[in-house]
Amino acid sequence: MKKAEWLECITCRDERLIKRLKSFEGSLAKCTECGLIFRNPKPSYETIKEYYKDDYSNIFLEEQTKNYRKGIFRHFLAPSIKDKGEGRLLDVGSGYGIFLSLAKDLGWEVYGIELSEDACQFARKNFGLNVFCGDLEEASFPKDHFDVVTLWNVLDHTTNPLEQLLEIKQILKDNGLLFIRLPNFLFQGKSRCIGEAFDRLFFGHTNLSRKISVSHLYAFTPSSIANLLERAGFSTFRLKNSPPAKGDPYCAFPFLGDILLNWIKNSFFISCELLYHLSLGKILWGPSMEVFASKKEQKF
Ligand SMILES: [Zn+2]
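Read on for an overview of the structure. Small disclaimer: the values here were computed from a predicted structure and weren't measured. (Residues numbered from 1 in each chain as written. Predicted model: local features only at pLDDT ≥ 70, side-chain atom pairs only at ≥ 80, totals over all residues.)

Observations concerning helix H6 (residues 161–171)
Listed in full, the buried residues belonging to H6 are Pro161, Gln164, Leu165 and Ile168. In a view along the axis of H6, the buried residues occupy a sector of 95 degrees, so they form one face of it. Considering only its buried residues, H6 is in contact with helix H5 (136–139), strand E7 (146–152), strand E8 (172–183), strand E9 (218–219) and helix H9 (222–232). (Buried ≥ 20, exposed ≤ 12 C-beta atoms within 10 Å, placed from the backbone. Helix = DSSP H or I, 4+ residues; strand = E, 2+ residues; numbered from the N terminus. Arc of directions from axis to C-beta. Contact = placed C-beta atoms within 7 Å.)

Considerations on the pairing of strand E11 (residues 288–294)
Remember that side chains alternate between the two faces of the sheet whenever the strand is regular. The buried fraction of E11 amounts to six of the seven residues, a majority that puts the element mostly inside the structure. Note that E8 and E11 share six bridges and pair antiparallel. Counted as the bridge partner of Phe179 is Phe292 from E11. Where strand E10 (residues 236–241) and E11 come together, six bridges link them in antiparallel fashion. Across the sheet, residue Thr236 finds its bridge partner in E11, namely Ser294. (Pairing = 2+ DSSP bridges.)

What about the sheet that holds E7?
On the basis of which strands lie adjacent, the open sheet formed by seven strands has the order E6-E5-E4-E7-E8-E11-E10 and mixed pairing. The sheet is open, and its two borders are formed by strand E6 (130–133) and E10, each paired with just one other strand. Between one strand axis and the next, the sheet turns by 15 degrees as a mean value, whatever way the strands run. Packing of helix H4 (residues 117–127) onto the sheet brings it into contact with strand E5 (109–114) and E6, and relative to E6 it is tilted by some 165 degrees. Packed on one face of the sheet, H6 meets E7 and E8 and runs near 150 degrees to E8. (Axes fitted to C-alpha atoms, helices over the stretch in contact; angles between N-to-C directions.)

This is how it looks when you write it as structure tokens:
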């Protein structure tokens, strides 16, 4: 690929800092200054919008029918934001509205933003939700409007996460909470390498690397998401391992069955939690992480 096709880092703005990563078929690049990892070259907004129109619906319909993430949503709504009381909550990339419908049942005044027209219609029709079809900028919400803004496995799909965070900072109240769940590249990158080695052993028939590892437009590590939040002007934040979704949301291992898969995922999660606590919060190695952030100093 020609040098001219390389993208610059969205935060450091210098293409000379970008290095290609060997794993992920050379499709990912890393900024040596801030650690941000991203797909390079980046697909256009139109390409991404087309992708979600077709594939997004199918993936999330699977989740919707089997309710794999409901447990994580309840876990977040119960202890994490209990102290904030009821208020105005925005879910960016609200999909079919399952999380918002749970929040609404608990008394939150809920709003959603979603690119997929099908998903918006489903959320409006089935849960009576207020969902805007488009992106955050187009929605034009007032400043200091929301008590809580959530992004469930969405930020790594956006074309410019820094711009998203800056937009959110505008519409979030001073004492509001920003919550982000996203894959942790410290786990995903390593598991991809292990999967690739396994695939080579079986001449590519296993396709394990793609089943055990995810990467989208951006791939975040604990330190790169912390850097990005700082650059966007969020003053405090806390990172945690995120509990795994139940069962097999993407039908990657149908032969294992939900019970065995749950046992494997939960055992691994407990090991990651043990490592996190023994290292006094320094080692975050779970497959997914949760980020709690705010504009003003506060405890999460
Ligand atoms: Zn950078």
